[in-house]
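Residues per chain, in single letters:
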Amino acid sequence: MSQAAITRGKEIIKNAIRETLRGEVAKIPVADEANLRLFEQALRSFDIQRMLVQKNVLVEFYIPELPIEQGKKWMLKFINEAPADIREIVFPYHVRDCADAQAALESPEVQAALSARNITASIQKIDDGNDPKIVIATYDQVMNGELDVFLENLKRNE
């Protein structure tokens, strides 16, 4: 493990500790087992241990589930808990998550649960609400008309 990677891990841990309330647990996601070992090594350093004691905080690392796995769990829970008279389920997903949701819906586990309950299911795209609420422009952007063009395009796309 490189010293630079350990240093970066220590900074991530320190930031998590700073953001965690006294007496709470800082939960830090890590990408995989190799990163988990790196973070565990960084956690053993003296300055991190001192911060933990001073703030009375614990640190936990976890490897988050892939989005498709999260989607499958959520869909299976919903399917299995649906009342007996339900014949169709529409799962709402943000546009940015639709590909993962579709893959989860098409998985053998979800399809088997749907078949067993005689339910059909589909994905419905919902608005992300990503349109900007505040627009910041430089003086030059205002003077040369870039802001006007941006606002017109935004208005046209509504």
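All values reported here derive from a predicted model rather than from experimental measurement.

Draft legend 1. Structural context of helix H3 (residues 46-55). Turning to H3, its buried residues are Asp47, Ile48, Met51 and Leu52. Each buried residue of H3 sits inside an arc of 140° when the element is viewed along its axis, so together they form one side. Residues Phe46, Val53 and Gln54 are exposed on H3 and point more than 90 degrees away from its buried face. Where the residues of H3 are buried, they touch helix H1 (3-19), helix H2 (33-43) and strand S2 (58-62). Looking one or two residues beyond H3, the residue adopting positive phi is asparagine 56, at roughly 55°.

Draft legend 2. Representation of a nonpolar patch on the surface within the structure. Where nonpolar side chains cluster on the molecular surface, the patch consists of Val135, Phe150 and Leu151 and spans about 220 Å² of accessible area. Secondary-structure assignment places leucine 151 in helix H8 (residues 146-156). Leucine 151 gets classed as partly exposed once you look at its relative accessible area, which sits at 36%.

Draft legend 3. Seen up close, the environment of glutamate 69. Turning to its location among the elements, glutamate 69 is positioned in helix H4 (residues 67-81). The sequence separation of glutamate 69 and serine 107 amounts to 38 residues, and the corresponding C-alpha distance is 9.7 Å. Here lysine 72 takes part through its side chain, which lies 3.1 Å from a polar atom of the side chain of glutamate 69.

Parameters at a glance
Residues numbered from 1 in each chain as written. Predicted model: local features only at pLDDT ≥ 70, side-chain atom pairs only at ≥ 80, totals over all residues. Heavy atoms only, no water. Buried < 20%, exposed > 50% of the residue type's maximum accessible area, 1.4 Å probe, protein only. Helix = DSSP H or I, 4+ residues; strand = E, 2+ residues; numbered from the N terminus. Arc of directions from axis to C-beta. Contact = heavy atoms within 4.5 Å. Patch = residues over 30% accessible without salt bridge, like charges linked within 9 Å, V, L, I, M, F, W, Y side chains within 5 Å. Areas by Shrake-Rupley, 256 points an atom, 1.4 Å probe, with all protein chains shown as cover. Salt bridge = Lys/Arg side-chain N within 4 Å of Asp/Glu carboxyl O. Polar contact = N/O pair within 3.5 Å; in protein donor to acceptor, adjacent residues only side chain to side chain.

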